[in-house]
Amino acid sequence: MPVSTQGPGDALRTETPAQLMEGIRREATARLLPLLGETLRAERARLQRACDEATQDSLARDADAEDLTSLTVLAAELIQHEHRWQKALGEVFAAWPEPPASHARSAFSLLSDDELQAQLIGQPVAEALDRRFESLRDIIDRRLHTLAGRLQYRGRPSNPLAARFLVESFLRAFEAGDCGRRLRASLLRRHEALLDAELGGLYGWCNTRLAEAGCALAGDSDHASLIAGLGGSTETLPANKTRIWEQGNAVAQAGPGASPAARADAPRGNLLRRHARRQRDARRAELDAAERSFRRDEFLSTLALLQSERDLPPGDTHAVRLREGLYAVAGGLGIDRHTVAFDGEQDEALILIGALFDLIAARHQLTPAARERFALLSVAWLHLALEDAHLFEPSSPPAMQLLSALVELWDGIDPDDPQSIEQQALADRVADAVLDGSQGDGRVFPAQLAQIDGALAANRRRAEAVERRTWQALRGRERLDAARRQARIELARRLDGRPLLPSVAGFLDVEWRQALAQSWLRDGDTSDRYREVLSLGDALVESDGLAANDGGSAVADRLLGILPALRDCCAQCGNDANATEARLAGLVAEHASPTARQVHVPTPPTDDDAPLLPDDADPQAGLADTTFAEGQRFVQPDGAGAGRTLRLAWRSSLSGACLLVNATGAREFLLMPAELHAMIEAGQLQARPGGGAVSQALATLAAQASTA
């Protein structure tokens, strides 16, 4: 019996159960097949670390080395093992709705050694995974029961994506002959962790796919099962009997009133809605006590009136304010709040939008007026949550981009900065345009985004030009500081507390050090020229040592050999010919008639040559700290609750130093990452996450939903 499915924007299509299961098999293969290679790579890295550390006894080291060799062979034959895995999983899907032959045998059948080993190491892993995903898998099991019923299958069908089949497919890909039991068990444990991270998304997608195909949950309600089979109406049923149609529980009824959000393949949105559904289930008694649910057109009309009134009741959270506002408007229309409840889709949207706006408001510094206007926008975005299935996806539709832009304009307003006040007024105008627009008119969002871009374009160009000049100057200065710092280090190595002739020490301290810094800047520290200057310093120190030991002709030969290089060194520092010859003559004369040697103290840098960053800055630690990225925003609060916005315009590739600029692009701070962390911990700066306010808030909500 064919089933009807309809994806977002697709025409109605008809699929047989076999075609539907084949689509699920292809998706499962695409998501799970790469885990085989990841398993091998992760286990190989672990064994390599164990062998390198060599903290184990000899037997353990030998076993690890043997397993590492076996892994090398397995990795070379990965394609062959992937084919085995695909064949094993394909057999499970091919046998559906029956279990595969390996699971249909008698309990008294004989097992091979390989099958027995697979059972011993695989069964605990399969049971652990099955317990972790029991609720999601149970929903799929019941939808598959409905699908199998269309094939006249009398019994509970198998679930091809059950953990026991996935574990068995993995073990058949790496048989006992390919690796020992110890390595096979280690690989399975590594694979278990990867499956644990992937199965939630796969099961969520499969549940949505089966729901789109009309596979309701078998056994939840006789009324619902009958309606699902006959396509009848639920209008005469009590509200608590029709909630079988809530999204994620069973597919919504086909027809003009069906919600597109229930049919869309939106992984993150579905994850968030499932999490909201768990919160709603905690109020199940309250929902079931209502006589009926809000009809869709009734709810949307109430929402439109609430948006036009621009008045939300007070409340601790945005969700509470939205609910109370909707009930207040509905009461004015003669709807008693004690007899009506929000249906599943409406309540999930209320929970999600409320949580999103709560998180954004908590993370940003908004004035009271901006905070209230931001709360009013939650009404418009609640309507979007009901209409746009992909609103919460990482693709970030224009509506979410606009919300992020508004929050950034409102965040950290400086009352003493005319440009900041102008940005706040721009955000207010855009928010009013959205609230004045018609519900369901998606053109308002890209249009208002364009308004913001157009209004800020000139200021952004000016600020970018200023900050570009600023960081380019800083980059040149920092390179000069790095060259001087390296020259000081090399000078200290050659002085090293040893007594030297004053002319030798003076030449190293002035001409040689400057030439070394210039070579670093022009050619780099790996160039031949840089190494030649280093060798010149070593040769000069060596000639001093020969003179101290009455080297005689050896000193003269050494000086004659390095005179051209000494002359080039002086010329590179800008000395004219006369000054150069005088400098070299004094150097030669002092070697011939040595004066008293003394330990030379390097000349400290003058105020004009003071380094941009302190000498104790750790460039390696700065580069290793990747917490902050160019373009990231920061807010510098003041005591009155206001603040100003700064932006990380540049990160040094030499030290990791961070340049923070103001709205005009002018330099405010140049800090090492450790100093920036300290200012954030002290509350002197507030870091805003990269990627936009909405994107990061949704990522946080998704992470919370995944771990709940």
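Predicted model only: the values in this text are computed from it and were never measured. (Residues numbered from 1 in each chain as written. Predicted model: local features only at pLDDT ≥ 70, side-chain atom pairs only at ≥ 80, totals over all residues. Heavy atoms only, no water.)

Concerning the overall build of the protein
Inference 1: Looking only at helices and strands, the protein has 26 helices and 11 strands in total.
Inference 2: Out of the 708 residues in the protein, the part that is buried amounts to 46%.
Inference 3: Relative to all contacts within the protein whose residues are 6 or more apart in sequence, the contacts with residues 24 or more apart total 73%.
Inference 4: Total accessible area on the protein stands at roughly 33600 Å², and carbon and sulfur atoms take up 52% of it. (Helix = DSSP H or I, 4+ residues; strand = E, 2+ residues; numbered from the N terminus. Buried < 20%, exposed > 50% of the residue type's maximum accessible area, 1.4 Å probe, protein only. Contact = heavy atoms within 4.5 Å. Areas by Shrake-Rupley, 256 points an atom, 1.4 Å probe, with all protein chains shown as cover.)

Concerning unusual backbone geometry
Working note: non-glycine residues mostly have negative phi, and peptide bonds are mostly trans.
Inference 1: The omega angle of the peptide bond from Trp96 to Pro97 is 10°, so this bond is cis rather than trans.
Inference 2: Inspection of the secondary structure assignment puts Pro97 in the loop between α4 (78–95) and α5 (113–132).
Inference 3: In the Ramachandran plot, Arg310 falls in the positive-phi region, its phi being about 50° despite a non-glycine side chain.
Inference 4: As for its position among the elements, Arg310 is in the loop between α13 (296–309) and α14 (318–332).

Overview of the sheet that holds strand β11 (residues 686–687)
Inference 1: Within the open sheet, the 5 strands sit side by side as β10-β9-β8-β7-β11. Their pairing is antiparallel. Lying at the two open borders of the sheet, with one neighbouring strand each, are β10 (667–671) and β11.
Inference 2: Sheet analysis places strand β9 (residues 658–661) next to β10, joined by 4 bridges and oriented antiparallel. The residue of β10 that forms the bridge with Leu659 is Leu670.
Inference 3: Lying over the sheet, helix α19 (residues 444–495) contacts β8 (643–651), β9 and β10, oriented at roughly 50° with respect to β8.
Inference 4: The strands touched by helix α25 (residues 673–681) within the sheet are β7 (633–637), β8, β9, β10 and β11, with β10 carrying the most contacts at an inclination of about 115°. (Pairing = 2+ DSSP bridges. Axes fitted to C-alpha atoms, helices over the stretch in contact; angles between N-to-C directions.)

A look at the packing of aromatic side chains
Inference 1: Inspection of the entire model under this criterion finds 10 aromatic pairs.
Inference 2: Ring geometry for Phe133 versus Tyr203: centroids 5.8 Å apart, planes at 85°, classification edge-to-face. Here Tyr203 lies in helix α8 (residues 181–212) and Phe133 lies in the loop between α5 and α6 (134–149), a separation of 70 residues in the sequence.
Inference 3: By relative accessible area, Phe133 is classed as buried at 10%.
Inference 4: On the basis of an interplanar angle of 90° and a centroid distance of 5.8 Å, the ring pair of Phe299 and Phe342 is categorised as edge-to-face. Remark: Phe342 occurs in the loop between β4 (340–341) and α15 (344–363) and Phe299 occurs in helix α13; sequence separation between them is 43 residues. Each member of the pair Phe299 and Phe342 is classed as buried. (Phe/Tyr/Trp six-rings, centres within 6.5 Å; stacked < 30°, edge-to-face > 60°.)

Points about α4
Inference 1: Across its 18 residues, α4 extends 26 Å between first and last C-alpha, which sits within 8% of the 26 Å expected from 1.5 Å per residue.
Inference 2: Restricting attention to buried positions, one finds in α4 the residues Leu78, His81, Glu82, Trp85, Ala88, Leu89, Val92 and Phe93. The arc that holds every buried residue of α4, seen down its axis, measures 140°, which confines them to one face. Turned more than 90 degrees from where α4 packs its buried face, Ile79, His83, Lys87 and Ala94 sit exposed. (Expected span 1.5 Å × (residues − 1). Arc of directions from axis to C-beta.)

Quick look at the environment of Thr645
Inference 1: Mapping Thr645 onto the fold places it in strand β8.
Inference 2: Exposure remark for Thr645: the relative accessible area of 25% places this residue in the partly exposed category.
Inference 3: Linking Thr645 and Asp411, residues 234 residues apart in sequence, is a C-alpha distance of 7.5 Å.
Inference 4: For Thr645, the residues in contact, after removing those within four places along its chain, are Asp411, Gly412, Arg633, Phe634, Val635, Val661, Asn662 and Ala663.
Inference 5: There is a polar contact of 3.2 Å between the side chain of Thr645 and the backbone oxygen of Asp411. (Polar contact = N/O pair within 3.5 Å; in protein donor to acceptor, adjacent residues only side chain to side chain.)

Some words on the confidence of the model for the protein
Predicted coordinates in areas of low pLDDT are best not read in detail.
Inference 1: Averaged over all residues, the pLDDT of the protein equals 80, while 85% of them reach at least 70.
Inference 2: Mean pLDDT across the elements of the protein bottoms out in helix α9 (residues 222–230) (37) and peaks in helix α16 (residues 368–387) (92).
Inference 3: The low-confidence segment residues 4–13 (pLDDT under 50) makes 23 contacts with residues lying over four places distant or belonging to another chain.
Inference 4: Low pLDDT (under 50) marks residues 104–113, which in the prediction has 7 contacts with non-local residues, meaning those over four places away or in another chain. (pLDDT = per-residue confidence, 0-100.)

Overview of the packing of α16 against helix α17 (residues 398–410)
Inference 1: Two elements in contact, α16 and α17, have axes separated by 12 Å at closest approach and are oriented at 175°. Relative to α17, the element α16 lies roughly antiparallel. The residues of α17 that touch α16, namely those facing Ala370, Arg373, Phe374, Leu377, Trp381 and Leu384, are Ala399, Met400, Leu403, Leu406, Val407 and Trp410.
Inference 2: Taken together, the residues of the contact of α16 with α17 break down into 11 nonpolar, no polar and 1 charged. (Parallel < 35°, antiparallel > 145°, perpendicular 65-115°, else oblique. Nonpolar A, V, L, I, M, F, W, Y, C, P; charged D, E, K, R; others polar.)

A look at the environment of Arg461
Inference 1: Tracing the chain through its elements places Arg461 in helix α19.
Inference 2: Classification of Arg461 by relative accessible area gives exposed; the value is 55%.
Inference 3: Separated by 203 residues in the primary sequence, Arg461 and Thr664 have C-alpha atoms spaced 9.7 Å apart.

So, helix α26 (residues 693–707)
Inference 1: Here α26 spans 22 Å end to end across 15 residues, near enough to the 21 Å set by a 1.5 Å rise per residue.
Inference 2: For α26, every residue scored as buried is listed here: Ala693, Val694, Ala697, Leu698, Leu701, Ala702 and Ala705. Within α26, the buried residues cover an arc of 155° as seen down the axis, which keeps them to one side. Facing away from the buried surface of α26 by more than 90 degrees, the exposed residues are Ser706 and Thr707.
Inference 3: Each element contacted by the buried residues of α26 is listed here: α11 (267–281), α15 and α17.

Side note on the pairing of β9
Inference 1: Residues Cys658 and Leu660 line one face of β9 and the alternating positions Leu659 and Val661 line the opposite face, and both faces are buried.
Inference 2: Note: β8 against β9, 4 bridges, orientation antiparallel. Along β9, the bridge assignment pairs Trp650 with Leu659.
Inference 3: Adjacent in sequence and paired antiparallel, β8 and β9 are bridged by 6 residues, among which Gly656 carries a positive phi angle near 80°.
Inference 4: Taking the residues between adjacent antiparallel strands as the criterion, β9 and β10 are bridged by 5 residues, where Gly665 takes a positive phi near 90°.

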